Amino acid sequence: MIQYKHLSVAMFEGYAGTSASGFRAEVAAEEAMARLADVVERYEDFKAGVRSSAPGSTRTDNEFARVQEELQDFPGRVVDERRLHAMLRTSANTLHVGTLNDCYYQPETALCRTAGSTDQPMLNNCRPDRCGNSTITTRHRNGWEAARGDTERALAFVGLSDLQRTALREHLNDVSKVIEGIDRAND
């Protein structure tokens, strides 16, 4: 996979063929460990006062608060790392890390799902500013700032139709609201 410079097992196997060696299972296990490490890192951010914004923030922050309370994970107290990982593993199973948000995918509240779609997030249909599975923290701010800059540059183009300008202004407004939400959640 590394030699072919592919980012996913599916792409690699598409070109190089499938492997009976258990390669796919090994990659899946590594991905699960990486997702758990990401959730633990987000939990540590939560303990340090970083809060989520977006519609899914309440669910995520409540879950982290529940874990913190149950473990009595407060300053000066040593917590059993294995128990912490066990408690956060469920969250890690549904985590999909992104540039603009993290998705704790639950099909019943996912806005990206369409009739007949698979039981996983459809990232090209994601609406992180509106979906109940989405959480946005300060780690996503740079991506939103880049989106705002790109939109502002697009608005500067000469020859845009009124409809295009209206759509870009609405998008700029949505992006600015997300950035304000990140700032408000972490003041």
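About the criteria used
Residues numbered from 1 in each chain as written. Predicted model: local features only at pLDDT ≥ 70, side-chain atom pairs only at ≥ 80, totals over all residues. Heavy atoms only, no water. Helix = DSSP H or I, 4+ residues; strand = E, 2+ residues; numbered from the N terminus. Buried < 20%, exposed > 50% of the residue type's maximum accessible area, 1.4 Å probe, protein only. Contact = heavy atoms within 4.5 Å. Areas by Shrake-Rupley, 256 points an atom, 1.4 Å probe, with all protein chains shown as cover. Expected span 1.5 Å × (residues − 1). Bend = angle between axes of the 7 residues up to and from the residue. Polar contact = N/O pair within 3.5 Å; in protein donor to acceptor, adjacent residues only side chain to side chain. Pairing = 2+ DSSP bridges. Disulfide = S-S within 2.5 Å. pLDDT = per-residue confidence, 0-100.

A.B. asks: Teacher, can you tell me more about the overall build of the protein chain here?
C.D. replies: The helix and strand inventory of the protein chain stands at six helices and three strands. Mapped from its N terminus to its C terminus, the protein chain presents α and β elements in the order α-α-α-α-β-β-β-α-α. The buried share of the protein chain, reckoned over its 187 residues, is 33%. Partitioning the contacts of the protein chain with sequence separation of at least 6, the portion at a separation of at least 24 is 58%. Carbon and sulfur atoms provide 53% of the accessible area of the protein chain, an area that totals close to 11,700 Å².

A.B. asks: Teacher, can you tell me more about helix α4 (residues 81-94) here?
C.D. replies: Residues that lie three or four places apart on an α-helix share one face, since the helix turns once every 3.6 residues. The terminal C-alpha atoms of α4 lie 20 Å apart, and with 14 residues this matches the ideal 20 Å at 1.5 Å per residue to within 8%. Within α4, the axis deviates most sharply at L88, by approximately 45°. Those residues of α4 that sit buried are L84, M87, L88, S91 and A92. Those residues of α4 that are buried are in contact with α2 (23-47), α3 (57-71), β1 (95-97) and β2 (102-104). Its side-chain oxygen 3.3 Å from the backbone nitrogen of R82, D80 forms the N-cap of α4.

A.B. asks: Would you mind going over the sheet that holds β2 with me for this structure?
C.D. replies: Strand pairing in a sheet takes place through backbone hydrogen bonds and is either antiparallel or parallel in direction. The strand order across the open sheet formed by three strands is β1-β2-β3, and the pairing between neighbours is antiparallel. Of all strands in the sheet, those bounded by a partner on one side alone are β1 and β3 (134-135). Both β1 and β2 contribute to a ladder of three bridges, which runs antiparallel. The partner of H96 across the bridge, within β2, is C103.

A.B. asks: Is there a simple way to think about the state of the cysteines in this case?
C.D. replies: Each disulfide consists of a covalent bond between the sulfur atoms of two cysteine residues. All chains considered together, the criterion is met by zero disulfides. Lacking any disulfide linkage, C103 is separated from the closest cysteine sulfur, that of C131, by 5.8 Å. Classification of C103 by relative accessible area gives buried; the value is 9%. By relative accessible area, which is 6% here, C131 ends up buried.

A.B. asks: Can you help me understand the confidence of the model for the protein chain in this one?
C.D. replies: As a general rule, the predicted coordinates of low-pLDDT regions are not to be interpreted in detail. Across the protein chain, the average pLDDT comes to 83, with 87% of residues at 70 or higher. Across the protein chain, the secondary-structure element scoring lowest on mean pLDDT is helix α1 (residues 9-16), at 53, and the one scoring highest is helix α5 (residues 141-155), at 96.

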